[in-house]
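Remarks on the overall topology
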Amino acid sequence: MASSLRTPDSPPHLGRAPSYIHFTPRRAMASFENLVALANYEEHLRGARKVVWRDRGEKPVEVFDLGECLEHACRGGLRAGTVAFALRSGVNFILLLTRIKRIPKRFRLALIRHALFGEDSLRFAAMLGTFVGLYKFLLNALPILLPEPHPDDSTHSRSRSRFRASVMGAGNNQGTETPFEEDLPEEAELGLAQRKKAPRHARLSMSAQAHQLWVRKRTRWWYSAFAGTAAGAIAILFEKRSRRVGIAQQMFVRGLQGSFNAMSNKHGFKIPHGDVMVFTLCCGQIMYGFLMRPDTLPSSYNRWIQVASKVPADAVRMNMTLVREGTFEPEVMEHVLTYPGTTASNYAELAGRLAKARLPEGLRSYGMPFGPCEAVHPDIDSCVTVQFAHFWEVFRWMLPIYGALHFIPMMLFRRKTFMQRPARMMLRAAMGTARSSAFLGMFVMIFQTYFCGKHSLYTKILNLRASNAQTLFAALAKRLPTWFTQLLVSKFSFFVGGLLSGLSLFVEEKRRREELAMYVLPKGLESAWIMARGRGWVFGMGAYGDALLTAVGMGMVMSTYQNDPQHLSGLVRRILYQFVGPN
């Protein structure tokens, strides 16, 4: 009887197992604490990842006094310096690994230590950290110290760019693309025919809209220009003097690129094939400097052109002295004669010129005032066949280099698309590699054809003028003005050859032409500046010329980045976003 009684505290008797799970309070609390710990761990991981990689569309930081500006700048500068140190050390270590087997074992540890913690990494980190810290402080402090007055309706209604105008109508844009991330459309990525679209307006995410609204509300256009100028001038001093010029040149041309794009967009004009025009002008100056004034180009760049030309270095030197002075050193000619593979015909011609150059003073002759074709291509007799031979040599030489530049980024940054369409992506990379290799091969081929052609024409004109033949060509040769024949062997003719060779850029993909133009522009400007300074046309900038050039360049770059970032190249925009951020 008693056993059938049920107290209120005893659980009811069920005829089947319950469909729910019973937890004791202790186990429930432990499970909840695990969830909280897991959430905190993931939050810490996200915070640690932000130190290395900035997420897309990060919102600008609002600061309201100089103390907050200083804290924000110090945080940004410390992060940029840390990332820069890690990047530079990693690159140095990888480069060291490629040649460490050729280094004696007793030196390996010291070289590894220097690659990871050496002076180069520290200087690079100090330069970028200082730049980011100073730029952030000045950019955010200027609106506090010099607040912008309330603009009138006419001023406020004006928009400095299509990019900013899109902020006002952002409600109609549903895209999530920001100006700091630019992906190719699928059709362009796969090499398919793209559909024609209306003129592209910048599509902004909510965070990018907030950034542009912050710019409109808190800053004037010159704040970023001043901050970039001051920060660039100071930060570049942390780098070695030998590296400052290269950095200053790149920043200056990138600033010119962004400023020109913004100006052309504002005023509605565009120069057709402007990238090819810039490339050809720079190639004209570079090839003139390489052949006539090698002192105006960096020695490493001279060596690279020498290797790419597939021409003996002594032939280049002999051509320079013949054009500029009308003579050559017999020792140089002797060295050309030892070139492996020299044909019998070319050897006989060069030996004859060498013998005439060693005659007594009154009988001595150096021949035509330009480098002989027999010295330029001593292993090939024909000036026609050599063009195709050099094209193939350069094509094969550049094929693995350009292959790495096309295939490796595809594997790293286009993995999803590559896994979906491997055949098409491989074909696209292979075609890009072939086009890039053919571009440089065509460059060498055009200049080689021009070099041999103009000198053969000059020789034929002189022979026709000296002959008594009563032919049409002889009559035309005698009627040609003297300035035309002298132009064929003048120093300026090599500038023209560089212009013609620059047209090979049309072989390259259109999206790569602007980057190639930006690559050669600093070299061409440097060579032209040195020549102009030698003639007294421009002044020297002294010991701090590289800092001044960096200041001007970074002023243009940061002004464009902060106000019209879509006018910078995608690579520059992404790098600045990762190091500098919205503000």
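Each chain has its residues counted from 1, running along the sequence as written. With the structure being a predicted model, the display of local features is reserved for residues of pLDDT at least 70 and the display and counting of side-chain atom pairs for 80 or more, all residues being used for whole-chain, interface and lining totals. Excluding hydrogens and water, the side-chain values take into account all heavy atoms of the structure.

What follows deals with the overall build of the protein chain. Only DSSP runs of H or I with at least four residues qualify as helices, and only runs of E with at least two residues qualify as strands; both kinds are numbered from the N terminus onward. Each helix and strand in the protein chain was counted, giving 25 helices and zero strands. Burial classes: relative accessible area under 20% of the type maximum marks a residue as buried, over 50% as exposed, and values in between as partly exposed (1.4 Å probe, protein chains only). Out of the 583 residues in the protein chain, the part that is buried amounts to 41%. Whether two residues are in contact is decided by their heavy atoms: any pair within 4.5 Å suffices. For the protein chain, the share of sequence-separated contacts (at least 6 apart) that also reach a separation of at least 24 residues comes to 79%. Summing over all exposed atoms, the protein chain offers an accessible surface of approximately 33,700 Å²; the carbon and sulfur share of this is 64%. Exposure was quantified through the Shrake-Rupley algorithm and a 1.4 Å probe, taking into account, for residues, occlusion by the shown protein chains and nothing else.

Okay, the side chain of Arg353 next. Among the structural elements, Arg353 can be located in helix H15 (residues 344-357). Here the positive residues are Lys and Arg and the negative ones are Asp and Glu; neither His nor the chain ends is included. What makes a salt bridge here is a side-chain nitrogen of Lys or Arg within 4 Å of a carboxyl oxygen of Asp or Glu, nothing more. Buried charged residue Arg353 carries no salt bridge. Nearest counter-charge: Glu349, at 5.6 Å. Here Met368 takes part through its backbone oxygen, which lies 3.3 Å from a polar atom of the side chain of Arg353. Dropping the residues within four chain positions of it, Arg353 is found in contact with Leu322, Phe328, Met333, Ser365, Tyr366, Gly367, Met368, Phe370 and Pro372. Whenever a nitrogen or oxygen atom comes within 3.5 Å of another N or O atom, the pair is scored as a polar contact, on the condition that within protein one atom can donate a hydrogen and the other can accept it, and that pairs from neighbouring residues in sequence are kept only if both atoms are in side chains.

According to the stated counting rule, one finds 13 salt bridges in the structure shown. A salt bridge links Glu515 to Arg254; its shortest N-O distance comes to 2.9 Å. Pair noted here: Glu515 is in helix H23 (residues 510-534) and Arg254 is in helix H10 (residues 241-267), with a separation of 261 residues, a long-range link. What makes Arg254 buried here is its relative accessible area of 9%. Here Arg364 makes a salt bridge to Glu361, at a shortest N to O gap of 3.4 Å. Residue classification places Glu361 among the exposed positions, given a relative accessible area of 64%. Through salt bridges with shared partners, one network takes in Arg88, Asp120, Glu239, Lys240 and Arg243.

Moving on to the packing of aromatic side chains. Any two aromatic rings considered together are summarised by their centre-to-centre distance and by the angle between their planes. Ring pairs shown here join Phe, Tyr and Trp side chains whose ring centres sit within 6.5 Å, with only the six-membered ring taken for Trp; geometry is labelled stacked below 30 degrees between planes, edge-to-face above 60, and tilted in between. Under the defined criterion, the tally for this structure stands at 16 aromatic pairs. Their ring planes at 85° and their centres at 5.3 Å tell us that Phe328 and Tyr366 sit as a pair that is edge-to-face. In this pair, Phe328 sits in the loop between helix H13 (313-325) and helix H14 (330-337) while Tyr366 sits in the loop between H15 and helix H16 (373-376), placing the two residues 38 residues apart along the sequence. By relative accessible area, Phe328 is classed as buried at 4%. Taking the centre distance of 6.2 Å and the plane angle of 25° together, the rings of Phe391 and Phe395 count as stacked. Taken together, the residues Phe391 and Phe395, both in helix H17 (residues 385-413) and four residues apart, mark about one turn of the helix. Here a set of aromatic residues connected by ring pairs shows up, and it is made of Tyr301, Trp304, Trp397 and Tyr519. Both a distance and an angle decide whether a charge sits over a ring: NZ of Lys or CZ of Arg must be within 6 Å of the ring centre and within 35 degrees of the ring normal. Note that Arg88 overlies the ring of Phe124, its terminal NZ or CZ placed 5.4 Å from the centroid. Positioned over the ring face of Tyr301 is Lys523, at 5.4 Å from the centre of the ring.

The patch calculation keeps residues exceeding 30% relative accessible area without a salt bridge and links them within 9 Å when they carry like charges or within 5 Å when they are nonpolar (Val, Leu, Ile, Met, Phe, Trp, Tyr). On the surface, a cluster of nonpolar side chains totalling about 420 Å² of accessible area is made up of Phe260, Met263, Phe269, Ile271 and Met277. As for its placement among the helices and strands, Met277 is situated in helix H11 (residues 274-292). We classify Met277 as partly exposed; its relative accessible area is 43%.

Further remarks concern the state of the cysteines. Our working definition of a disulfide is a cysteine sulfur pair at a distance within 2.5 Å. On inspection of all chains with the given rule, the structure shows zero disulfides. Distance from the sulfur of Cys283, which forms no disulfide, to the nearest cysteine sulfur (Cys282) is 7.0 Å. With no disulfide of its own, Cys452 lies closest to Cys373 among cysteine sulfurs, the gap being 3.7 Å. Of the residues examined, Cys452 reaches a relative accessible area of 2% and is grouped as buried.

Bringing the packing of helix H2 (residues 66-97) against helix H3 (residues 105-117) into the picture now. As a rule, the C-alpha atoms of each element are fitted with a line to give its axis, helices using only the stretch in contact, and angles between N-to-C directions run from 0 to 180 degrees. Closest axis-to-axis distance for the H2/H3 pair is 7 Å, and the angle between their directions is 150°. In terms of orientation, H2 and H3 fall into the roughly antiparallel class. Between H2 and H3, the residues in contact are Phe85, Ser89, Asn92, Phe93 and Leu96 and Leu111, Ile112, Ala115, Leu116 and Phe117, respectively. Just so you know the grouping, Ala, Val, Leu, Ile, Met, Phe, Trp, Tyr, Cys and Pro go in nonpolar, Asp, Glu, Lys and Arg go in charged, and all remaining residues, Gly too, go in polar. Residues that form the contact of H2 with H3 fall into these classes: eight nonpolar, two polar and no charged. When describing relative orientation, an angle under 35 degrees is termed roughly parallel and one over 145 degrees roughly antiparallel, while 65 to 115 degrees is termed roughly perpendicular and anything else oblique.

What follows covers the environment of His377. Tracing the backbone through its elements, the reader meets His377 in the loop between H16 and H17. On a C-alpha basis, the gap between His377 and Gly341 in space is 10.0 Å, while along the polypeptide they are 36 residues apart. Ignoring any residue separated from it by four or fewer positions in sequence, one finds His377 in contact with Asn346, Ser382, Cys383, Val386, Gln448 and Cys452. Of note is the side chain of His377, whose polar atom sits 2.8 Å from the backbone oxygen of Ile380.

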